[in-house]
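# A look at the structure
As a plain string of letters, each chain reads:
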Amino acid sequence: MSAIGQYVLNGLMQGTIYGLVAMGFTIFFGVMNVIKFSHGDVMTFGAFGALVAATAAAAAGLPTGVQILAAVSTAVGLAALLGAGISRLLILPLRSAPPLNLLLMTMMVGTVIREAIRLFFPNGTNSQRFPALLPPGGATVGGVFVRYDGLILIVAGLLIIAVVHHIINRTRFGLAMRAVAEDQETARTMGVNFFRVVPLTFALGSATAGFAGVISGLYYSEINYGMGLLIAVIGFSAAIVGGLGNLWGAILGGYLFAGLQTVVVATLPTFSEYKNVVAFVAVIALITWRPTGLLAERASERV
Amino acid sequence: MLTRHRSTQDEVPRDALPMVAGVSARRASDFAIFAVVVAACAGAVAFLVHAEDQRVVLSALVACGMAWFAAARFRVIAAVERGAAGHPWLARLVLVAACLAVIVVLREDNFGLLMLATVLIYATVCLGLTIQLGYAGLSNFCAAAFLGCGGYTAAALGRAEGIAIPDLVVILLGGGVAVAIGSLLVLPLLRTRGHYAALTTLAFGVMFNVFLDANELLGGPQGLKLAPITVFGWDFSNDLDLFGMTFSFYANYVMLCLALTAVALALVGLLDRSWIGIRLDAVRLDEVAAQVFGLRIARWKILAFTLGNVLAGMAGAIYAKMTGFIAPNNFTLGDSLMMVSIVILGGIGNRWGVLPAALIVVLLPEKLQFIQEYRLLLFAVLVILVLVLSPGGLLPRRTRTLVAGRQA
Amino acid sequence: MGRITRRCLAGVVAGALLIPGWAEAKDTVKIAFVGPLTGPNSPHGIGARNSAELAVKLFNADPAHRYQYELVVLDDECKPNVGVQVVTKLGSDRSIAAAVPHYCSATAIATVDVFHRFKLPMVVWAAVLPEITYANKYAEIHRVSGILIGQNRVGAQFMKEQGYKTFVSFADSTDYGKSMNKYFTEFTNENGGKILGNFAVAPDQQDLSAELTKIKELNPEVIYFGGLTPLGTRLRTQMDKLGIKAQLEGNSGIMGDAFINAVGPDLAEGTVTFFDSPPLSKMPGGAAFTENYKAAGFREPPEAYGPFAYIATHLLMQKIEAVGPERAKITAALGDVKDVPSIVGPITFDDHGQNITPLTTKYVVQDGKWLLWEDSEYASGKRKLLHR
């Protein structure tokens, strides 16, 4: 019984990270109809920025609270900047190109970010230790070992999800964003500044990835230049399974994917190698069953 | 709408339609331009493949880029297309002669011939992708997995005791197995569209790789060895002695790959010109409208998917036998992406664009070896530049002219 | 052709500029280094590339040598098909005298036939699967690194002596991890240890908590790790996060400072590992290697297999000095390598070209450093491994 609780907790943590990444995919798709595959590497970029900021803050002798603040704000800021830059310089100019071109291009942008970190970050080829800024240890509740840092991070992740939801649904910027998503041309004729809204949207989506990068660093105490690739595939799968363009779908997809992986390992430990096979088979089966995702897009067909 | 027509070349631009006088003279001069350009390309290919010195390679690449730009600017490409359309069979003859000339020039360069064969393998797979992506509009981000299906078929048949299947049959079986495994994806692909379909193939590609790594029966991560190809008693691992010249054993593979690529090119060309191609176009451009006109979407999608996978599987069987070794690491998501980038770089849906694009994408990383660990970075930057500067690819697909040489 | 003429011209010009040096102008001999310079295994490839460059640089600095050496570096990406490509390139390039190839075993297994076909002598610097040297008997194939059987034999023996009874094996799903797991299982069973479970994960998997939760349930005394540093760091840090108290037993894959740097000295403390060479500081010339490497100003550390790449390159150059830059002669000369001293211990090739005298050595982390087990406070009883 206690083991089940433990698995649930692990799955929740992983699902939160996946969900945050998937949320970015879904936001970009909703607004620009584009899959930005460099998303995972933007997350890596944010995590490395956070590492530098936290190390610098620690070297300056600042208290832990300030270190955390420095790490989070740097990661979120850098990721947002990078995301906005990519959209302004590469995605907007090519918005009339076939979707396949954009997909390939963002994949290549991801490669550039990844390789640049590997080659130009000092000793970037090796894994980097991420400082432990959150309270260590944990408590055993009903046989389940609950890590304090894990608990804090899950809550922080959920908080960010709530904030993004609020921005999209309750602010003027969110309104402009939804207007562009609904009908680009009408939104522009109604006075929405398209060339400002799109980069800002990408900044918002990328900021969540940057935050996921910090969470990942704090939780696993380790970051490496290649961590974005698999997470991009998983985040994309989660966004698709949930239904592209639907925020709740992305989050549901994230938890679902984490749950699938966990269940395979927990029930068939000797087949743990096959867990991604099982997870991806399930993903394919799910989209075959619900071709536009579990929480379907509102208007999936425009004739 | 679906009249049969006789021209072999579909990409004849409007200004090539015959006027009143000077038609044959213009035809002849266009054909001369075609022949010169083919010869120049063959020369450039042989030189690029063979050149090793980094400065020579770089200047040759820059020269090729400028020549291409100039050719596009001064409408040489259009003239070449007209030239080929004017004398289709003669044009094919010139192409074959150029290929043979390249092989003769590179006859002792093992590495050059290996690279050439690899380029042709990738080109064949990408011609399959052209049918899928370019004609039917089906996403396929797991082409490397189907290449792997063919390769693993060849490896498994080679290891089976007591069964001696001729290698040509093995290659065909490779294509068959790729289709059989691909059929698992048919239902998901038929039910989904756009990015959702892209994900099914992407997930399949990742899954294929993880499965091979985990499964010990097919050699696991350590891979399997394969024997070289033998056709009618001729062992492909022997050097060739012809006309007093010694050819590297890789020339065997280049010839075989060339034959396969030629078949693929012919197949794609035939599809493009036939009513099947028109139906595939309709399916890609507007599924709903196509359905309204009574087209069975599922049938045409399955046909395109199957044809593409046959080509990938056959190419995979040859590739595995040529390399003599096969491991899951050869068929990663990155390799699938490389193939998609060839199709996009060449110009989606243009079968001739695939050839220069495959040459660039396969050869460039190899020629960039001198920058060592920086080469992946530079390669990615170059692809981004091409996508930004020339979104339509090297040879963008032309609008179909239904009846060449005649007003439709 | 053109290249050669131009090279000759360049040589003439250079010679004319340095007239006093004219008589001493040496012939250039090219040696190739092949390893992963891109992708997840690139730290090892780049560290070894640097070490091989260092060997060439130091060797060239000695005026007594007959030839001037040039290192040609190629990236095999740890992919068998790319490996075959680059080795074909080397093989058909007659100016290449010999090669120092491969980190990944699958790549090496794929290319041995190509080396044999082109009669290009080579000395493997790191790939550890037995098949590379023992699947065939090719005169061209040699290897300075030990095969992974030795590490596991010594390891299993050691754990038995320490009195450990229950184990869990945690390996990556590559050829390396799988073979490690295979020999670990074989030798641990032989020594009467009980293996409670086997886990294999992809080397790029970030989250190991599901596997570790299962391991926590199994509650082993020892977790055996068969894999490379990146996964090893994740394993060690996440073991701690889940509160798993088990002794970590590693092997060559996590040997090196990168592991300690990535997990931190506190978590690394007490990790034991078995590796095919004694500490460089204990070997004649080893300290000099470390110093020279530092002095050469490389940005990346040599990693565990850097010294092996160094000695493989060095060995080839020694042989070329002796017999000249012809492939057949080098191959013949490599057939007779016996007790050649090196910074990782004397090298002796058996009839398959395998170095049979690797000094498999026991290491433990103490205060943020890899120490020889015998020199550590753990051996003297001052500190204790977990559960002892």
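Computed from a predicted structure; not experimentally measured.

We now examine the overall build of chain B. If you tally the helices and strands in chain B, you get 16 helices and 6 strands. On C-alpha atoms alone, chain B measures out to a radius of gyration of 21 Å, which is about the 22 Å that the 2.2 N^0.38 rule sets for 408 residues. Its C-alpha atoms give chain B principal-axis dimensions of roughly 70 × 60 × 45 Å. For chain B, with 408 residues in total, the buried portion stands at 52%. When contacts within chain B are restricted to residue pairs at least 6 apart in sequence, those whose partners lie at least 24 apart make up 80%.

Scanning chain C from N- to C-terminus turns up 14 helices and 12 strands. The C-alpha radius of gyration of chain C comes to 22 Å, within 12% of the 21 Å expected for a compact globule of 388 residues. The principal-axis extent of the C-alpha atoms belonging to chain C is close to 75 × 40 × 35 Å. The proportion of buried residues among the 388 residues of chain C is 57%. In chain C, of all internal contacts separated by at least 6 residues, the share reaching a separation of at least 24 is 71%.

Looking along a regular strand, one sees the side chains alternate between the two faces of the sheet. Residue and element names in this part refer to chain C. Among the 7 residues in strand E6 (residues 166-172), 6 count as buried, and that is most of the element. Looking at chain direction, E6 and strand E7 (residues 194-201) are connected through 7 bridges and run parallel. If you follow Phe 167 over to E7, its bridge partner there is Ile 195. Bridge analysis of E6 against strand E8 (residues 222-226) gives 5 bridges, and the strand direction is parallel. The partner of Phe 170 across the bridge, within E8, is Phe 225.

Okay, the domain arrangement of chain C next. Residues and elements named next belong to chain C. Splitting chain C by domain gives domain 1 (24-146 + 281-334) and domain 2 (149-275 + 361-375). If you average the C-alpha positions of domain 1 and of domain 2, the two centres end up 29 Å apart. With 11 residues of domain 1 in contact, the opposing surface of domain 2 contributes 14 residues. A breakdown of the residues in the side of domain 1 that touches domain 2 according to their chemical character gives 8 nonpolar, 2 polar and 1 charged.

Residue and element names in this part refer to chain B. Structurally, chain B comprises domain 1 (1-105) and domain 2 (116-229 + 252-355). For domain 1 and domain 2, the distance between their C-alpha centroids amounts to 28 Å. Broken down by class, the residue content of the side of domain 1 that touches domain 2 amounts to 4 nonpolar, no polar and 1 charged.

A few words now on the interface of chain C and chain B. Opposite the 28 residues of chain C that make contact, chain B presents 25 residues. For the side of chain C that touches chain B, the elements supplying multiple residues, two or more each, are helix H2 (42-60), strand E2 (67-75), helix H3 (80-92), helix H4 (105-117) and helix H7 (175-190) of chain C. Here the side of chain C that touches chain B gets 8 residues from one element, more than from any other, and that element is H3(C). Here the residues of the side of chain C that touches chain B sort into 11 nonpolar, 10 polar and 7 charged.

What follows covers the environment of Val73(C). Along the polypeptide, Val73(C) turns up in strand E2. For the pair Val73(C) and Pro63(C), spaced 10 residues apart in sequence, the C-alpha to C-alpha distance is 24 Å.

Before going further, it helps to spend a moment on the packing of helix H11 (residues 275-289) of chain A against helix H9 (residues 194-214) of chain B. One way to put it is that H11(A) packs onto H9(B) with a least axis distance of 9 Å and a crossing angle of 160°. Judged by the inter-axis angle, H11(A) sits roughly antiparallel to H9(B). Once H11(A) is placed against H9(B), the crossing between them reads as left-handed. For the pair formed by H11(A) and H9(B), the contact residues are Asn276(A), Val277(A), Phe280(A), Val281(A), Val283(A), Ile284(A) and Ile287(A) on the first element and Tyr196(B), Leu199(B), Thr200(B), Ala203(B), Phe204(B), Val206(B), Met207(B), Val210(B) and Phe211(B) on the second. Its residues placed into classes, the contact of H11(A) with H9(B) shows 14 nonpolar, 2 polar and no charged.

Here we take up the confidence of the model for chain C. All names here are of chain C. In this model, chain C carries a mean pLDDT of 87, and residues with pLDDT of at least 70 account for 94%. Predicted confidence for residues 14-23 stays below pLDDT 50, and this span has 2 contacts to residues more than four positions away or in other chains. Both confidence scores are given for the complex: pTM 0.87, ipTM 0.86.

Our focus in this paragraph is the interface of chain A and chain B. One widely used convention gives an interface's size as the accessible area the parts lose upon coming together. On the chain B side, the residues contacting the 35 residues of chain A number 34 residues. Breaking the side of chain A that touches chain B down by element, the ones donating at least two residues are helix H4 (99-120), helix H9 (227-242) and H11 of chain A. It is H4(A) that provides the largest number of residues to the side of chain A that touches chain B, a total of 12 residues. Residue composition of the side of chain A that touches chain B, grouped by class: 27 nonpolar, 6 polar and 2 charged.

Attention shifts here to the environment of Ala171(C). All names here are of chain C. Residue position: Ala 171 is located in strand E6. By C-beta crowding, Ala 171 is classed as buried, having 25 other C-beta atoms within 10 Å. Remark: the alpha-carbon pair of Ala 171 and Ala 202, spanning 31 residues in sequence, is separated by 8.8 Å. Other than its neighbours up to four places away in sequence, Ala 171 contacts Gly 177, Lys 178, Met 180, Asn 181, Ala 200, Gly 226 and Gly 227.

A few words now on the environment of Leu244(A). Residues and elements named next belong to chain A. Along the chain, the position of Leu 244 falls in the loop between H9 and helix H10 (247-267). Owing to 28 C-beta atoms within 10 Å, Leu 244 belongs among the buried residues under this scheme. Distance in space between the C-alpha atoms of Leu 244 and Ser 96 is 20 Å, their sequence separation being 148 residues.

The subject of this paragraph is helix H4 (residues 88-105) of chain B. Here H4(B) is 18 residues long and its end C-alpha atoms lie 26 Å apart, about the 26 Å a rise of 1.5 Å per residue gives. Among the residues of H4(B), those classed as buried are Ala91(B), Val94(B), Cys99(B), Val102(B) and Ile103(B).

Turning our eyes to something else, we now look at the packing of helix H2 (residues 39-59) of chain A against H4(A). Packed helices, taken two at a time, are described by their axes: the angle between them and the distance between them. All names here are of chain A. The geometry of H2 relative to H4 is characterised by a closest axis approach of 8 Å and an angle of 30° between their N-to-C directions. Classified by the angle their axes make, H2 and H4 are roughly parallel. Of the two elements, H2 crosses H4, and the hand of that crossing is left-handed. Mapping the contact onto sequence places Gly 40, Asp 41, Val 42, Thr 44, Phe 45 and Phe 48 in H2 and Gly 110, Ile 113, Arg 114 and Ile 117 in H4. For the contact of H2 with H4, the class distribution of residues is 5 nonpolar, 3 polar and 2 charged.

Located in the positive-phi region is Ser221(A), a residue other than glycine, with phi close to 60°. You will see that His102(C), though not glycine, has its phi angle at about 70°, which is positive. Position of His102(C) relative to the elements: it lies in the loop between strand E3 (96-101) and H4.

Further remarks concern the confidence of the model for chain B. Residue and element names in this part refer to chain B. Averaged over chain B, the pLDDT score is 83; the fraction of residues at 70 or greater is 92%. When the elements of chain B are averaged for pLDDT, strand E4 (residues 240-242) gives the smallest value, 78, and helix H13 (residues 297-323) the largest, 93. Confidence drops under pLDDT 50 across residues 1-20; counting only partners more than four residues distant or on other chains, this segment forms 35 contacts.

So, on to H4(A). With 22 residues, H4(A) extends 31 Å between its outermost C-alpha atoms, agreeing within 8% with the 32 Å of an ideal straight helix rising 1.5 Å per residue. Burial runs high along H4(A): 16 of the 22 residues are buried.

All names here are of chain C. Counting buried positions along E3 gives 6 out of 6 residues, so the element sits mostly inside the fold. Taken together, the 5 bridges between strand E1 (residues 27-35) and E3 define a ladder with parallel strand orientation. Following the sheet pairing, Lys 30 is matched in E3 by Ile 96.

Quick notes on the rules
- Residues numbered from 1 in each chain as written.
- Chains lettered and ligands numbered in written order.
- Predicted model: local features only at pLDDT ≥ 70, side-chain atom pairs only at ≥ 80, totals over all residues.
- Helix = DSSP H or I, 4+ residues; strand = E, 2+ residues; numbered from the N terminus.
- Rg over C-alpha atoms; globule rule 2.2 N^0.38 Å.
- Buried ≥ 20, exposed ≤ 12 C-beta atoms within 10 Å, placed from the backbone.
- Contact = placed C-beta atoms within 7 Å.
- Pairing = 2+ DSSP bridges.
- Domains from an automatic or database assignment.
- Nonpolar A, V, L, I, M, F, W, Y, C, P; charged D, E, K, R; others polar.
- Axes fitted to C-alpha atoms, helices over the stretch in contact; angles between N-to-C directions.
- Parallel < 35°, antiparallel > 145°, perpendicular 65-115°, else oblique.
- Left-handed = near helix turned anticlockwise from the far one by under 90°.
- pLDDT = per-residue confidence, 0-100.
- Expected span 1.5 Å × (residues − 1).

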